[in-house]
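Each chain, written out:
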Amino acid sequence: MFEDVVKKYEKNSIVIAIIMTILGVFLFVKPVTSITVIVSLFGIITVLDGLLHVISYFRTEESLRLMSFELVEGITEVIVGILIITGGKTLSTFFPIMIGIWIIIKSIIKFQIGMNLKSVPDSNYLLTIISSIITLIFGFIVILNPFSSIIAVTRIVGIYIVVYEIMNIIESVHMLKVLK
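Just so we're clear, the structure is a prediction, and the values are computed from it rather than from any experiment.

A. Quick look at the packing of helix α2 (residues 31–59) against helix α6 (residues 146–179). Direction vectors running N to C along α2 and α6 enclose 90°, while the axes themselves pass 9 Å from each other. It follows that α2 is roughly perpendicular to α6 by the angle criterion. Residues P31, V32, S34 and I35 of α2 lie in contact with α6, whose contacting residues are F147, I150, I151, T154 and R155. Partitioned by chemical class, the residues of the contact of α2 with α6 number 6 nonpolar, 2 polar and 1 charged.

B. Just the environment of Y164, in detail. Among the structural elements, Y164 can be located in helix α6. Residue Y164 is classed as partly exposed on the basis of its relative accessible area, which comes to 45%. Placed 147 residues apart in sequence, Y164 and A17 show a C-alpha to C-alpha distance of 8.6 Å.

C. Representation of the side chain of T128. Looking at where T128 falls in the secondary structure, it is placed in helix α5 (residues 125–144). Judged by relative accessible area, T128 falls into the buried class, the value being 16%. Among residues more than four places away in sequence, those in contact with T128 are K110, G114 and L117.

D. Quick peek at the packing of α5 against α6. Look at α5 against α6: their axes get within 5 Å of each other, and the N-to-C directions meet at 115°. Contacts between α5 and α6 involve F138, I141, V142, I143 and L144 from the former and P146, S149 and V153 from the latter. Residues of the contact of α5 with α6, tallied by class, amount to 7 nonpolar, 1 polar and no charged.

E. View of the environment of L117. As for its position among the elements, L117 is in helix α4 (residues 88–117). By relative accessible area, which is 28% here, L117 ends up partly exposed. Spatially, the C-alpha atoms of L117 and T128 are 8.7 Å apart, while their sequence positions differ by 11 residues. Once residues lying within four places of it in the same chain are set aside, the contact partners of L117 are S123, Y125 and T128.

F. Geometry of α5. Taking 1.5 Å of rise per residue, 20 residues should cover 28 Å, and α5 covers 29 Å from first to last C-alpha, within 8% of that figure. All of the buried residues along α5 are T128, I129, S132, G139 and V142. In an axial view of α5, the angular spread of the buried residues amounts to 140°, which keeps them on one side of the axis. With respect to the buried face of α5, the exposed residues turned more than 90 degrees away are L127, I134 and L144.

Analysis parameters
Residues numbered from 1 in each chain as written. Predicted model: local features only at pLDDT ≥ 70, side-chain atom pairs only at ≥ 80, totals over all residues. Heavy atoms only, no water. Axes fitted to C-alpha atoms, helices over the stretch in contact; angles between N-to-C directions. Helix = DSSP H or I, 4+ residues; strand = E, 2+ residues; numbered from the N terminus. Parallel < 35°, antiparallel > 145°, perpendicular 65-115°, else oblique. Contact = heavy atoms within 4.5 Å. Nonpolar A, V, L, I, M, F, W, Y, C, P; charged D, E, K, R; others polar. Buried < 20%, exposed > 50% of the residue type's maximum accessible area, 1.4 Å probe, protein only. Expected span 1.5 Å × (residues − 1). Arc of directions from axis to C-beta.

As structure tokens, then:
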């Protein structure tokens, strides 16, 4: 019984790993197209989530709707999702800049944490500070050269996915051999 469950899991894992490997290759080979597709998929998911909120609102008992914001949330998500889908190319341009800003904000917070840890004995505050400075610089590089940066990051993610999923396939095939 247990072996059957593990075999089924490993076979499914191989199929998913193959699909993810193809995705990783696509990210590496076509980073610009990948970004546009990801932004469009995000828009579609946002529209679908909005529709689910609208449906949920109307399925909720009338007495419970008084404190529900699902209708407003749903309509807002549908509108935002449509804007994302129709403006995918434009948003793809701003996406790296948003990522760069996010990295800078997180780096500043990490820097403050490092400074706060300075008074804590045996803390690795210096490592935290150095790490935050490096990521802060990376954030500025992404903002100053957003398109090249996001292409490089997309390709790195693609390589990572391919390597990880190939290792996953090897592990699953090995597990299936062990279970035979």
